Amino acid sequence: MSESMFEVKERPQLVERALLIGVYFDRREEAEAASLLEELFELVETLEIGVVDSALIFVRDSNKRYLTGRGKAEEMMAHAKDLNCDCIVFDNELLPLQQRAWEEETGILVIDRQEVILDIFNMRAQTKEARLQVQLARMEYSLPRLARMWGHLDRQGGGGGGRTGGGGGATRGEGEKQIETDRRLARKRMDKMRAELAVVRKQRQTQRKERQQTPLPHAAIVGYTNAGKSSLLNALSGSEVLAEDKLFATLDPTTRRIHLPDGQPLLLTDTVGFVRRLPHGLIDAFKATLEEAILSDFLVHVLDASSPDVFGHFETTREVLAELGADEKKTIVALNKHDLIDAVDDEHRLREYFGPAAIFLSVHERTGLDNLIHCMNTMLLDRVRRMELRLPIGRMDLVALLHRDAKVVSEEYAAEGIDLVAIVPRQLVSRVEEFALNKSTAPPSTE
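What counts and what doesn't
The numbering scheme is per chain: residues are counted from 1 as the chain's sequence reads. Whole-chain, interface and lining totals are the exception, using all residues; otherwise, since this is a predicted model, local features are given only for residues with pLDDT of at least 70 and side-chain atom pairs are given and counted only at 80 or more. The side-chain figures draw on all heavy atoms in the structure; neither hydrogens nor water molecules are used. Segments assigned H or I by DSSP are reported as helices when at least four residues long, segments assigned E as strands when at least two residues long, and all are numbered from the N terminus. Buried means the residue's accessible area, taken with a 1.4 Å probe over protein chains only, is under 20% of the maximum for its type, while exposed means over 50%, and partly exposed covers the values in between. All accessibility values rest on the Shrake-Rupley procedure with a 1.4 Å probe; residue burial counts only the protein chains present in the view. Strand pairing is defined by DSSP finding a minimum of two bridges between the two strands. The span expected for a helix works out to 1.5 Å for each residue beyond the first. The criterion used for residue contact is that any of the two residues' heavy atoms lie within 4.5 Å. Whenever a nitrogen or oxygen atom comes within 3.5 Å of another N or O atom, the pair is scored as a polar contact, on the condition that within protein one atom can donate a hydrogen and the other can accept it, and that pairs from neighbouring residues in sequence are kept only if both atoms are in side chains. To pair, rings of Phe, Tyr and Trp, with the six-membered ring standing in for Trp, must have centres within 6.5 Å; the planes then decide the type, stacked if under 30 degrees apart, edge-to-face if over 60, and tilted in the middle. Put simply, a charge is over a ring when the Lys NZ or the Arg CZ is close to the ring centre, within 6 Å, and near the line of the ring normal, within 35 degrees.

A. Representation of the overall build of the chain. Helix and strand content of the chain: 15 helices and 13 strands. With 447 residues in all, the chain has 49% of them scored as buried. Of the roughly 21,700 Å² that the chain leaves accessible, carbon and sulfur atoms contribute 47%.

If you want it as structure tokens, here you go:
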């Protein structure tokens, strides 16, 4: 059997008509369940799978075999067949035996929210590390589901004796033997992936240490998927980072350097978007990009102000940041898509929830960006010092250092030396302080 059997299959090439099912177990959670089902619709559409219908089902007690009750399961199975569906997608996490039961009784492919997200991540991963992480997460998901893949072999052929008793001796089905073989191969391959990941992560850590030796301030752009993070990075830096109106358009961290009004440079990193019920295995797998949030000086939390679920998106992102230990970071709340807010009452409600410090902006209309930049500047006032320097001619190494890691406002060459006015990061002050003409420690004005 090829190794690809271990992986989640490529849905866009296989299925075209999907029925979505969301199950909830508490009447008080109906609104949230409906919102999650709408989000699943977006996730499935990102895979270019057509959705023909969706169903939100209340269940008092989870059924071990079907998740829903038997009667409701039979009703949904018949409905999927009537709609000529080739895929049923559950918003809930299915146990392997539940997934297998639905597939056996319908003859239709059945997947869950986790599998959808894994497929999207697989489509989006670009770097070697991200690809390895996705492959590992997909295989970890698929390993307990190997019985679903090979169960058909046990139904082939006649009896060759039972597991106990005399005569023919004990035998095992072909499916079971193949599953054991596949599990060994899968675990071996997963161990190889983990080893490769360890090497790649070590290289990334080395690169990060080298970057941290350069005392540049750093901010991470975080937020719910499709809130406009990549578009914001493009607008602020003039770069062309992929910015699609699709979920999880960004997986690999992208960093750009910008200059703030006081001349101070700032590294801005776009991170992977958050989503409710993100598989925990993927949170661990994508710490490569989320670690940027942990290591940053502050966060820019971007939200889609026009989304009816903006408050839920805010809390989801904060919960994941808390898992990473980054929830106490200084944070700027940036409410994007302000141009899409219709009512004055909606804006008042947002201001009341997020407080007066929240910034309304529209990347599309390019409004509010100056306010955001000014706020980022304010976040870093204590990190820089405006200095007048007279450097010896023989210290061109310091001139180069200031040009690279500070902001040189003016520069004049004279017989006495090189006169510079520079906005110097605090970490560099000790390197040049002996050549300072001004001893003031006050931060520069942002006016």
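And the narrative resumes.
B. Structural context of the pairing of strand 13 (residues 417-425). The element strand 13 is extensively covered by neighbouring structure, given that eight of its nine residues are classed as buried. As paired strands, strand 11 (residues 384-391) and strand 13 are joined by eight bridges and run antiparallel to one another. Of the residues in strand 13, the one forming a bridge with Met-387 is Ala-422. Hairpin connection from strand 12 (residues 407-414) to strand 13: two residues lie between these consecutive antiparallel strands.

C. Summary view of helix 2 (residues 70-82). If you check helix 2, its first and last C-alpha atoms are 18 Å apart, about what 13 residues at 1.5 Å a residue would give, namely 18 Å. Taken together, the buried residues of helix 2 touch strand 1 (17-24), strand 2 (50-58), strand 3 (87-90) and helix 3 (96-106).

D. Just the side chain of Ser-307, in detail. Among the structural elements, Ser-307 can be located in the loop between strand 8 (298-304) and helix 11 (310-323). Judged by relative accessible area, which is 13%, Ser-307 ranks as buried. Polar side-chain contacts of Ser-307 include one of 3.1 Å to the backbone nitrogen of Asp-309.

E. How the structure looks around the packing of aromatic side chains. In the structure shown here, the tally under the stated rule is seven aromatic pairs. Ring centres of Phe-90 and Trp-102 lie 4.9 Å apart, and the angle between their planes is 75°; this geometry places the pair in the edge-to-face category. Note that Phe-90 is positioned in strand 3 and Trp-102 in helix 3, a separation of 12 residues in sequence. For Phe-90, a relative accessible area of 0% translates into the label buried. Taking relative accessible area as the criterion, Trp-102 reaches 0% and is therefore assigned buried. With centroids separated by 4.9 Å and ring planes inclined at 75°, the aromatic side chains of Tyr-353 and Phe-354 adopt a geometry described as edge-to-face. Here the aromatic residues Phe-311, Phe-314, Tyr-353 and Phe-354 are joined through ring pairs into a cluster of three or more. Residue placement shows Arg-27 over the ring face of Phe-58; its charged tip is 3.7 Å from the ring centre.

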